[in-house]
Amino acid sequence: MLPIVEVENVFKSFGSTRVLEDVSFSVSKGSVVAIIGRSGSGKSTALRCIDRLEIVDSGRIRVAEHEVTSSGLDLHQLRRDVGIVFQSYNLFPHLTVEENIMLAPRLVQKTRRSAARESAMQVLTQVGLADKATCYPSQLSGGQQQRVAIARSLAMAPQLMLFDEVTSALDPQLTGEVLRVMEGLATDGMTMILVTHEMAFARKVADEIIFMHQGRVWERGPAEILDAPATAELRDFIGNGL
Ligand SMILES: Nc1ncnc2c1ncn2[C@@H]1O[C@H](COP(=O)(O)OP(=O)(O)O)[C@@H](O)[C@H]1O
Ligand SMILES: [Mg+2]
């Protein structure tokens, strides 16, 4: 089967700093890929290139039917099909949970109010927050706000979800509730690429682990690569308190 994401020979520099160097990987539909690696190894940049938040210098990226690196890309269609969640939740403080979730479907997809509300309740149920629909973000914990941010992405019915260290700002207890939501999505068959420091979670949920080092895909494979690293760099990374 054709992979839903293909990244081929991508190079990216910021000024004279080379951040991605000949990065290639693919993701098959319904699978979970975890990207791990030290700070500064290019993990976020790789995700951002997939959602065209950054433009590659060379190489090719395809997501479903979208040629991300082509000048003919329909950016709106791409963003509709790809959900991205960051460490910061970026919810609108003056809107309720439900209104935050309904905003993009209403504005971008021109969904009718009643249908948008119905799908908001559906995704809120999915993240276990149906009872918080009329709350404001400030009334929620960090973990709950992050779950709302995930629900907001899900409301667009994406084909692919990207998660960039979504639990890094949360304490361990709140981290667990967010990871459980992500695990549920994986079980339901959502295709996901996640950058994470939660190694136990990566082991449990990921079909494939990609270890990035100095802008390169240094090692990749099933979770077992963490038990028997082929390179000193991955061994060091795992050894350093992870
Ligand atoms: N917009 C930018 N402008 C300049 N340098 C950047 C920018 N974004 C990232 N970088 C640099 O690119 C490198 C990789 O960053 P990043 O992809 O965020 O790594 P990671 O997510 O693995 O920590 C770092 O050296 C970072 O400072
Ligand atoms: Mg990062």
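Model, not experiment: these values are computed from the prediction. (Residues numbered from 1 in each chain as written. Chains lettered and ligands numbered in written order. Predicted model: local features only at pLDDT ≥ 70, side-chain atom pairs only at ≥ 80, totals over all residues. Heavy atoms only, no water.)

**Brief notes about the packing of helix α3 (residues 97-107) against helix α5 (residues 142-154)**
Using the following cut-off: The axes are straight lines fitted to the C-alpha atoms, using for helices just the contacting stretch, and the angles between their N-to-C directions are given from 0 to 180°. Under the DSSP-based scheme used, a helix requires at least four consecutive residues in state H or I and a strand at least two consecutive residues in state E, with every element numbered from the N terminus. With respect to orientation, any angle under 35 degrees is reported as roughly parallel, any angle over 145 as roughly antiparallel, any angle of 65 to 115 as roughly perpendicular, and every other angle as oblique. Each crossing gets its hand from how the near helix is turned against the far one by less than a right angle, where anticlockwise is left-handed and clockwise is right-handed. In this analysis, two residues are considered to be in contact whenever any of their non-hydrogen atoms come within 4.5 Å of each other.
The N-to-C vectors of α3 and α5 enclose an angle of 30°; their axes lie 8 Å apart at closest approach. Classed by the angle they form, the pair α3 and α5 counts as roughly parallel. Relative to α5, α3 is oriented so that their crossing is right-handed. Where α3 abuts α5, its residues Val97, Asn100 and Ile101 lie against Val148, Ala151 and Arg152.

**Points about the sheet that holds strand β4 (residues 58-63)**
Let me state the cut-off plainly: At least two DSSP bridges between two strands are required for those strands to pair.
Pairing is antiparallel in the open sheet, where four strands are placed in the order β2-β1-β4-β5. Single-partner strands in this sheet number two, and they are β2 (17-27) and β5 (66-67). For β4 and β5, the ladder comprises two bridges, and the chain directions are antiparallel. Residue pairing in the sheet places Arg62 in a bridge with Glu67 of β5. Contacts from helix α1 (residues 43-50) reach β1 (5-14), β2 and β4 within the one sheet, and its direction differs from that of β2 by about 60°.

**Notes on the site of ligand 1**
Cut-off, in case you're wondering: Only a single heavy atom is needed: when it lies within 4 Å of a molecule or strand, its residue is near that molecule or strand. Any N or O atom pair separated by 3.5 Å or less is treated as a polar contact, with the protein-specific requirement of one donor-capable and one acceptor-capable atom, and with residues adjacent in sequence counted only for side-chain atom pairs. Note on areas: these come from Shrake-Rupley sampling with a 1.4 Å probe, and a residue is covered only by the protein chains present in the view.
Surveying the vicinity of ligand 1 reveals the residues Phe14, Val19, Arg38, Ser39, Gly40, Ser41, Gly42, Lys43, Ser44 and Thr45. Between ligand 1 and Ser41, the relevant distance is 3.1 Å, taken from an oxygen atom to a main-chain nitrogen or oxygen of the residue. One of the backbone N or O atoms of Gly42 is found 3.0 Å from an oxygen atom in ligand 1. With the chains in place, 57% of the 560 Å² that ligand 1 exposes on its own is no longer accessible.

**Quick word on the environment of Gln146**
Our working rule: Only protein chains enter the calculation, and the probe is 1.4 Å; a residue is then buried if its accessible area is under 20% of its type maximum, exposed if over 50%, and partly exposed in between.
Of note, Gln146 is situated in helix α5. Assessed through its relative accessible area of 0%, Gln146 is described here as buried. C-alpha separation for the pair Gln146 and Val85, spaced 61 residues apart in sequence, amounts to 8.4 Å. Within polar-contact distance, the side chain of Gln146 engages the backbone oxygen of Val166 at 2.9 Å.

**Quick word on the pattern of salt bridges**
This is how it is decided: Any Lys or Arg side-chain nitrogen found within 4 Å of a carboxyl oxygen on Asp or Glu counts as a salt bridge.
Overall, the coordinates contain 12 salt bridges when judged by the stated rule. The salt bridge involving Glu8 is made with Arg60; its shortest N-O contact spans 3.4 Å. Of this pair, Glu8 sits in strand β1 while Arg60 is found in strand β4, placing the two residues 52 residues apart along the sequence. The exposure class assigned to Glu8 is partly exposed, which follows from its relative accessible area of 27%. For the salt bridge of Arg147 with Glu177, the shortest nitrogen-to-oxygen distance reads 2.7 Å. One end of the pair, Arg147, is in helix α5; the other, Glu177, is in helix α6 (residues 172-187), and 30 residues separate them in sequence. Judged on exposure class, the residue Arg147 and its partner Glu177 are both buried.

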